[in-house]
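Chain and residue survey
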Amino acid sequence: MAAAGAGAGAVAAAVRDFVSGQQEGRAAELAAGLKDGSWTVLQLVEALGSCLENTDPRIRGRGIQLLSQVLLQCYSLLQEKEVLHLILFYENRLQDHHLVIPSVLQGLRALSMCEALPPGLAVSVLKAIFQEVHVQSLPQLDRHTVYSIITNFMGTREEELKGLGADFTFGFIQVMDGEKDPRNLLVAFQIVRDLITKNYALGPFVEELFEVTSCYFPIDFTPPPNDPHGIQREDLILSLRAVLASTPQFAEFLLPLLIEKMDSDLQSAKLDSLQTLTACCAIYGQKELQEFLPSLWSSLHREVFQTASEKVEAECLATLHALSACLSRSVLSSDTEDLLDSFLSSILQDCRHHLCEPDMKLVWPSAKLLQAAAGASLRAYHRVTRSVLPLLLEQYNKHPQSSQRRTILEMLLGFLELQQKWGHVEEDESTLLSLQAPVCSVVFSALTDPSVQLQLVGIRALTVLGSLQDFLSPSDLELVVDHLIRLTLCEEDSQSSEAAMEAAGSLAPTYPKVFSGRMVRRLEEKLQSEEESCRDHCSLRQRCLRALAAVSTHTSIVRETVPVLLQHLRKVQKGGEAGAAQEMVSVCQSLHRVALQCQQDAEGCWYYHQTVVPCLLAMVVQAAVQESTNPLLGKALLEEEVLAAMVPVISAATTHLTPELAAQSVSQVVPLFLDGEVSFLPQNSFPCSFQPFEDGECLEAQRRLVILLMAFVCSLPRNVAIPQQERLLQELLALSCSCNCPFTASTAAKCFAGLVNKQPAGQQLDEILQLAVNRLEPSLAEGPRRTQALTLLLWVTKALVLRYHPLSSHLTDKLIGLLGDVELGPTAADGFSLLMAESPDVLHKGCHADVRIMFRQRFFTDNVPKLVQGFHRAGPDIKANYLKGLSHVLNHLPKPVLVTELPTLLPLLLEALSCSDRVVQLSTLSCLQPLLLEAPQIMSLHVDTLVTKFLSLASSPTMAVRIAALRCAHALTSLPTVVLLPYKGRVIRALAKPLDDKKRLVRKEAVAARGEWFLLGSPGR
């Protein structure tokens, strides 16, 4: 008893403190006591008794406010009986003074969330609100509370509310009528949508419900600046559209409104109306649309014919498509009019005759309207094409000019592309199939026209025709291939040639036998022909190589083209003619394209790998072992550019192998380089052994082939074990530090780094890294091979930086220390670009390297402060190295990150512009240009220095620096106009000089920059 008395006393004290306005926190204390059982709701109500009966409405309001705040925190604890009494109490209080009503509504909101709500009370509460509360006279928050109560009851007491019938709908209409606040409107629109979609009875109030929502259409709302609620105009538009397009019952009221707004002068109103009509078409039927179709078509085609806005045109076409689709869904019966047919007849009547005027303005709007309607259904497509396709074919033959024919063929192409949507061409009803011969004739004539632009459209049409199942006859198909061969090899314009190659690649998977037997054979004959090795023939061979690659889009064709390409590579190697190296590079580029096209097909990928990789290795090994006995044989094959061109071929052939097949291949390739095991190579009778890791000057050519080992092992999936990996790493490490040839040393270092990056963490990795560091440090300190050691340091550092290895910070510190070295400093500074940039051949995600996200940001955070500190400490001769390193890091950093650090780094960047090193200048300018656009306020603080530096560098002897400086001068115009105006005359005078630059690209940038400065400060900018 004593405890109960103490609890009642505490409750009474808390009530007094809250009601008197002294302590707002008492409500939370009372709620906490209720939750832990210190007192009950009954005790709280008893303690509030005197307050609730007080004659002063403010005191009554405070009392009810306290009770409501507690209930909002404890509603889940209430028993059914407690809920019943509380609701009866709150309903009664709805008749109280207006000062009390907000707190009463908060209490009812809490009770509307109770699971223990007795049946019938939801209806009772809403009836009381509808009857006693004039909602729209309440403040925004209290109106929102009413909407929340309705939403809660609709979510939990749906069947009870539906028992109210149309009275519930009418009551809500009264609640919502006149609402203006966007926060409340979002909730109110959702309630209306639920009323409709959950089949509440609308009764005779359909028009009233429409009126109470459609009065907001179209939405005209601009959110205030710094709006904490984050409500955008688009949110309201989509919410209202969901209501208006939720029921066909609104159609008779909505469609006249939409037609009226489509004719508005406001583009936003037009777009909103069109998008809403498109949404409505998804649920409307022919009954709803029938009366309004003429007016809708009139508005739509007038807009498309007259508008200058691409947005409005696109929405009109989308709406017409939706209308046609809606009418196509209607089920036809014998006694009903075919509305789709009559609607399409209207469209054809207004648009068809414009197609006969290919030079006139309305030809394309008419074609787009017809295509939008035809694309809605197969029935619509047949109805439109039955009328249009014969006309277009007739017009093509009637107009001899290439420009007119191009327009007509492009329109025809649009209809052909629509046929692709429906798949197989039905013989009994397809207009296209009945016009097969004239359509093919028109397309083939376009391919032989002198006009390149007409040829390009013809090639696109040919690709579409080829994609239509069973459309082309065998004889037509052979003609198609012959045309593509002719365009590929004989057409002077490279655009037509490239387009024909792409078309062949698109069609080859559909007709592999025809392309394999006809096109590949012709290309092979051309490639093997012993014509004079003139410039024209050289160009023809280049086209043949590119075409063979382009057409290799099916595994059966790849089996034909790959041997042809490899045979040509052998032929060029044996020929030894001038330009052989460049031709070999071209073959490798074609092989690379074929490899990329094979990657997604497991069978094709493995065939390619086991055919190409051993063949290339056999050829280069043969050339390398012969180098010591006969230096003239195979010399071109061992040139750096040829070996570099083989790298992407082998890499692309390896990256997509399954782990099992990759393991099979690696068990052959690694022993080839470590032990000279050549048994798996074709034609493997070599005059001497292959030992690329042995010492000796005569083996220099063999050592160069380590680049191909790098291409292979660095492209393997990470889960593939490499045999003898420890020995391989040691050999690569030794070669990278001891080889006199920079090419070989660099590739050995890259290969070592690529393997280290993928090696799992553990003792083996730690030991090999320690071995590398022990080898590096003395070589960097002194000796003849410091440059090779620096190259190894750079690549190993990159490998470890990418995977966040702990040793990376130690190696980066060593690299930063080398910036002060007189001999290695400039090279070390350039190395920061290597660390930050994407590497094309190793250490990127495409070859399964371990690349962590945001490694650049982490490198920036860890090392830029050290670079800045080193710059301030360095002597005048060394400062440029630190600036160059810093510039490279910043240039590769994501710009949003750089903007946040800009205030501290900008002075250094400006100093870098004064550096005489052209690389530093170019890198810094590339870094500054986007910053001028993204951080104008910060950059404007240094406008005087920026103007001076940019104008000075615009006269640089290096063309790339001049271009970059002029681009920056152009970007300066994005700074605030008031800051730039004092410099306007000076800049315009200075930019007159590069207008006469001897390089066209420089003049182009000068014209663009000077034009922007001329317009600076003019009206409308």
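Look above for the structure.
The rules behind these values
- Residues numbered from 1 in each chain as written.
- Predicted model: local features only at pLDDT ≥ 70, side-chain atom pairs only at ≥ 80, totals over all residues.
- Heavy atoms only, no water.
- Helix = DSSP H or I, 4+ residues; strand = E, 2+ residues; numbered from the N terminus.
- Rg over C-alpha atoms; globule rule 2.2 N^0.38 Å.
- Buried < 20%, exposed > 50% of the residue type's maximum accessible area, 1.4 Å probe, protein only.
- Contact = heavy atoms within 4.5 Å.
- Disulfide = S-S within 2.5 Å.
- Expected span 1.5 Å × (residues − 1).
- Salt bridge = Lys/Arg side-chain N within 4 Å of Asp/Glu carboxyl O.
- Lys, Arg positive; Asp, Glu negative; His and termini not counted.
- Phe/Tyr/Trp six-rings, centres within 6.5 Å; stacked < 30°, edge-to-face > 60°.
- Axes fitted to C-alpha atoms, helices over the stretch in contact; angles between N-to-C directions.
- Parallel < 35°, antiparallel > 145°, perpendicular 65-115°, else oblique.
- Left-handed = near helix turned anticlockwise from the far one by under 90°.
- Nonpolar A, V, L, I, M, F, W, Y, C, P; charged D, E, K, R; others polar.

**Some points on the overall build of the protein**
- Along the backbone of the protein there are 52 helices and 0 strands.
- Scaling as 2.2 N^0.38, a compact globule of 1021 residues should have a C-alpha radius of gyration of about 31 Å, whereas the protein reaches 39 Å, well beyond that.
- In terms of overall dimensions, the protein has a C-alpha envelope of 115 × 85 × 70 Å along the principal axes.
- Within the protein, the fraction of its 1021 residues that count as buried is 54%.
- Long-range pairs, those at least 24 residues apart, make up 73% of the contacts in the protein between residues at least 6 apart in sequence.

**Description of the state of the cysteines**
- Scanning the model with the defined rule gives 0 disulfides in all.
- Free cysteine: Cys737, not disulfide-bonded; nearest cysteine sulfur from Cys739 at 11 Å.
- A relative accessible area of 7% means that Cys737 is categorised as buried.
- For Cys751, which is in no disulfide, the shortest distance to another cysteine sulfur is to Cys714 and amounts to 4.3 Å.

**Observations regarding the side chain of His354**
- Its location among the elements puts His354 in the loop between α19 (339-351) and α20 (363-374).
- By relative accessible area, His354 is classed as buried at 12%.

**Side note on helix α28 (residues 512-528)**
- The first and last C-alpha atoms of α28 sit 22 Å apart over 17 residues, in line with the 24 Å expected at 1.5 Å per residue.
- Taken residue by residue, α28 has Pro512, Phe515, Ser516, Met519, Val520, Leu523 and Leu527 as its buried positions.

**Concerning the pattern of salt bridges**
- In the structure shown here, the tally under the stated rule is 35 salt bridges.
- The salt bridge involving Asp850 is made with Arg852; its shortest N-O contact spans 3.1 Å.
- Classification of Arg852 as partly exposed rests on a relative accessible area of 36%.
- Residues joined in a network through salt bridges with shared partners are Arg60, Arg93 and Asp96.

**Side note on the side chain of Lys895**
- Tracing the chain through its elements places Lys895 in helix α45 (residues 895-913).
- Here Lys895 sits buried without a salt bridge, and the closest side chain of opposite charge, Glu934, lies 7.1 Å off (N-O distance).
- Contacts of Lys895, omitting those with residues within four sequence positions, involve Leu890, Cys927, Pro930, Leu931 and Glu934.

**Thoughts on the packing of aromatic side chains**
- By the definition in use, this model includes 10 aromatic pairs.
- Consider the rings of Phe189 and Tyr216, whose centres lie 5.7 Å apart with planes at 75°: the pair is edge-to-face. Residue Phe189 is found in helix α11 (residues 182-197), and its partner Tyr216 is found in the loop between α12 (206-214) and α13 (233-244); the two are separated by 27 residues along the sequence.
- For Phe189, a relative accessible area of 0% puts it in the buried group.

**A closer look at helix α17 (residues 293-306)**
- With 14 residues, α17 extends 20 Å between its outermost C-alpha atoms, agreeing within 8% with the 20 Å of an ideal straight helix rising 1.5 Å per residue.
- Regarding α17, the residues found buried are Leu293, Leu296, Trp297, Ser299, Leu300, His301, Glu303, Val304 and Phe305.

**Things to note about the packing of helix α31 (residues 580-598) against helix α33 (residues 640-655)**
- Two elements in contact, α31 and α33, have axes whose closest approach is 9 Å; the angle formed by their N-to-C orientations is 10°. When the axis of α31 is compared with that of α33, the two are roughly parallel. From α31, Ala581, Gln582, Met584, Val585, Cys588, Leu591, His592, Ala595 and Leu596 reach across to α33, where they touch Glu641, Val642, Ala645, Met646, Pro648, Val649, Ala652 and Ala653.

**Some thoughts on the packing of helix α8 (residues 140-156) against α11**
- Two elements in contact, α8 and α11, have axes separated by 10 Å at closest approach and are oriented at 25°. Classified by the angle between their axes, α8 and α11 sit roughly parallel to one another. Here α8 runs over α11; the crossing is left-handed. Residues Gln140, Arg143, His144, Tyr147, Ile150, Thr151 and Met154 of α8 touch α11, and the partners they reach there are Arg183, Asn184, Val187, Ala188, Ile191, Asp194 and Leu195.
- Looking at the contact of α8 with α11 residue by residue, the class counts come to 7 nonpolar, 4 polar and 3 charged.

**Some details on the environment of Ser50**
- Turning to its location among the elements, Ser50 is positioned in helix α3 (residues 41-52).
- Counting along the chain gives 331 residues from Ser50 to Tyr381, while the straight-line C-alpha distance between them is 79 Å.

**Topic: the environment of Val551**
- Topologically, Val551 is positioned in the loop between α29 (535-550) and α30 (555-575).
- Those residues in contact with Val551, other than ones at most four positions away along the chain, are Ala504, Gly505, Ala508, Phe515, Met519, Val520, Ile557 and Thr561.

**What about unusual backbone geometry?**
- A cis geometry characterises the amide bond from Phe217 onward to Pro218, with omega recorded as -10°.
- Residue placement: Pro218 occurs in the loop between α12 and α13.
- You will see that His848, though not glycine, has its phi angle at about 70°, which is positive.
- Its place among the elements puts His848 in the loop between α42 (825-836) and α43 (855-873).
- The class for His848 is partly exposed, based on a relative accessible area of 25%.

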